[in-house]
Amino acid sequence: MIIKAKHNAILDPFFRWYVIWKMKRTFHECVIQSDVLDSGKPILLICNHTSWWDGIWALHLNQQVFKRKFHFMMLEEQLKKNWFFQYTGGFSVRKSTRSVVESLAYTAEILSDDKNLVLMFPQGKLQSMHRTGFVFEKGIEGIFKRLNNEIELVFEVNLVDYFSQAKPSVFLNATSYQGSLTLNLVEEAYNAFYQKCIDLQKQKEI
């Protein structure tokens, strides 16, 4: 049995307040660069996984732009260790077990509701933001095959720069994917968007 998300009436609003407080305290600025036009569909948000901050940044992006009920997939051992995440939208996946199928079906179920957003890290592991490309695990294709409705697939790329400030600035880049929902095409499109974000970031000057 997987651990399902339960949005607690106290912990969930507190966590969303904590995100705002933590962002203001830690970063010089948070710049959202998004061309996503909200279609009203449920959102599957896929993101580069470079640090502990990724989930916080994705939640901030959701609060500022999409305003959906936030859900995210976590490794079961991590969710058990950080139990409170279950009450802020976290649900479990256990790799290399039969329960993976249950986790994928549960994700598709969440995405059947227009009010929901699910965050996934399709690389399945933490990797440096200095990588030139990402390889997606097959789980995300398992979700695509289980969908019975249209969704909005959104790419997020998070980058950090300091420039002249003591505190870093974080840049949250987002765009919609309009192609076929197949693993290879989505992976290729995400990597192209990632490289585009890197190239634009290199042009920034203070």
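Preceding this paragraph is the structure being described.
Attention in this report is confined to the structure presented alongside it. Source: prediction; values computed, not measured. (Residues numbered from 1 in each chain as written. Predicted model: local features only at pLDDT ≥ 70, side-chain atom pairs only at ≥ 80, totals over all residues. Heavy atoms only, no water.)

1. With respect to the environment of V154
By the secondary structure assignment, V154 is in strand β6 (residues 152-161). For V154, a relative accessible area of 0% translates into the label buried. Sequence separation between V154 and S180 is 26 residues; the distance between their C-alpha atoms is 13 Å. V154 has contacts with V36, I43, L44, L45, I46, F66, A174, T175 and S176, leaving out every residue within four places of it along the chain. (Helix = DSSP H or I, 4+ residues; strand = E, 2+ residues; numbered from the N terminus. Buried < 20%, exposed > 50% of the residue type's maximum accessible area, 1.4 Å probe, protein only. Contact = heavy atoms within 4.5 Å.)

2. Overview of the packing of aromatic side chains
Across all of its chains, the model carries 21 aromatic pairs by this definition. Here the aromatic rings of W53 and W57 are separated by 6.2 Å at their centres, their planes lie at 15°, and the arrangement is stacked. A relative accessible area of 15% places W53 in the buried class. A residue is classified by how much of its surface remains accessible, and W57, at 2% relative accessible area, is buried. Between W83 and F84 the ring centres are 6.0 Å apart and the planes differ by 85°, which places this aromatic pair in the edge-to-face class. A relative accessible area of 51% means that W83 is categorised as exposed. Connected via pairs of aromatic rings, a cluster forms that spans F14, F15, W17, Y18, W21, F70, F72, W83, F84, F85 and Y87. (Phe/Tyr/Trp six-rings, centres within 6.5 Å; stacked < 30°, edge-to-face > 60°.)

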